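Residue strings, one per chain:
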Amino acid sequence: LEVADLSGRAAERLRMENAEGLTAALANLPLIRLPNPDALLAPELPPQAATLLANARLTAVEGATAALREELAQARQEARAAHRQADDLADQVRSLERKLNSITGR
């Protein structure tokens, strides 16, 4: 019984090592590009396989979100600059109208 238990422990240790190696290999793959991500749920793969895909997707979404935030900040800055320019042009128009009125005697 002890021999069977030892071989069971050795088999479990080997299974764990294989799962760790497979997880490490999967972590280096572009899982987000998988055409069928359900394949990561196969019983032959470690349970962490689906988590790796979820993390890859999360990283992609975070990157896209950061890019959109940067784009939004740039657009806001450009809008503020355009608003200032419009205000300056309106001031110039008012100034020119005053000069015109003073010349024409209105």
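Note: the structure precedes this text.
Going along each chain's sequence as written, the residues are numbered from 1 onward. The model is predicted, so local features are restricted to residues of pLDDT at least 70 and side-chain atom pairs to those at 80 or more, both for listing and for counting; the totals for chains, interfaces and linings are taken over all residues. Each side-chain value is worked out from all heavy atoms of the structure, with water and hydrogens disregarded.

Details of the overall build of the chain
Counted only if it meets this: Numbering of helices and strands starts at the N terminus; helices are DSSP runs of H or I of at least 4 residues and strands are runs of E of at least 2. Exposure categories follow from relative accessible area, calculated using a 1.4 Å probe and restricted to protein chains: below 20% of the type maximum is buried, above 50% is exposed, and the middle band is partly exposed.
Of the regular secondary structure elements, the chain holds 2 helices and 0 strands. Across its three principal directions, the C-alpha atoms of the chain cover 115 × 25 × 15 Å. With 106 residues in all, the chain has 8% of them scored as buried.

Re helix α2 (residues 48-104)
Under the convention used in this document: A helix is expected to span 1.5 Å for every residue after the first.
Helix length check: α2 (57 residues) gives 83 Å between terminal C-alpha atoms against 84 Å at 1.5 Å per residue, within 8%. A49, L52 and L53 are the residues of α2 that are buried. Once α2 ends, the next one or two residues include G105, with phi positive near 80°.

Regarding the pattern of salt bridges
Stated precisely, the cut-off is as follows: Each reported salt bridge corresponds to a side-chain nitrogen of Lys or Arg within 4 Å of a carboxyl oxygen of Asp or Glu.
Counted according to the given criterion, the structure contains 2 salt bridges. When the shortest N-O distance is used, the salt bridge between R15 and E12 registers 2.6 Å. One end of the pair, R15, and the other, E12, are both in helix α1 (residues 2-27), 3 residues apart, so they sit about a helical turn from each other. Taking the relative accessible area as the measure of exposure, R15 reaches 44% and is therefore partly exposed.

Observations concerning the side chain of T23
Note the following rule: Each polar contact in these results corresponds to two N or O atoms within 3.5 Å; when the atoms are within protein, one needs to be able to donate a hydrogen and the other to accept it, and residues that are neighboring in sequence are counted only if both atoms are side-chain atoms. Throughout, a residue-residue contact means that at least one pair of heavy atoms, one from each residue, lies within 4.5 Å.
The topology assignment puts T23 in helix α1. In terms of polar contacts, T23 uses its side chain to reach the backbone carbonyl oxygen of A19, at 2.8 Å. Not counting the four nearest positions on each side in its chain, T23 is found in contact with P46, Q48 and L52.

Concerning the environment of P47
Assignment of secondary structure puts P47 in the loop between α1 and α2. A sequence separation of 28 residues divides P47 from A19, and the C-alpha atoms of the two residues are 8.8 Å apart.

In short, shape yes, function no, at least from these values alone.
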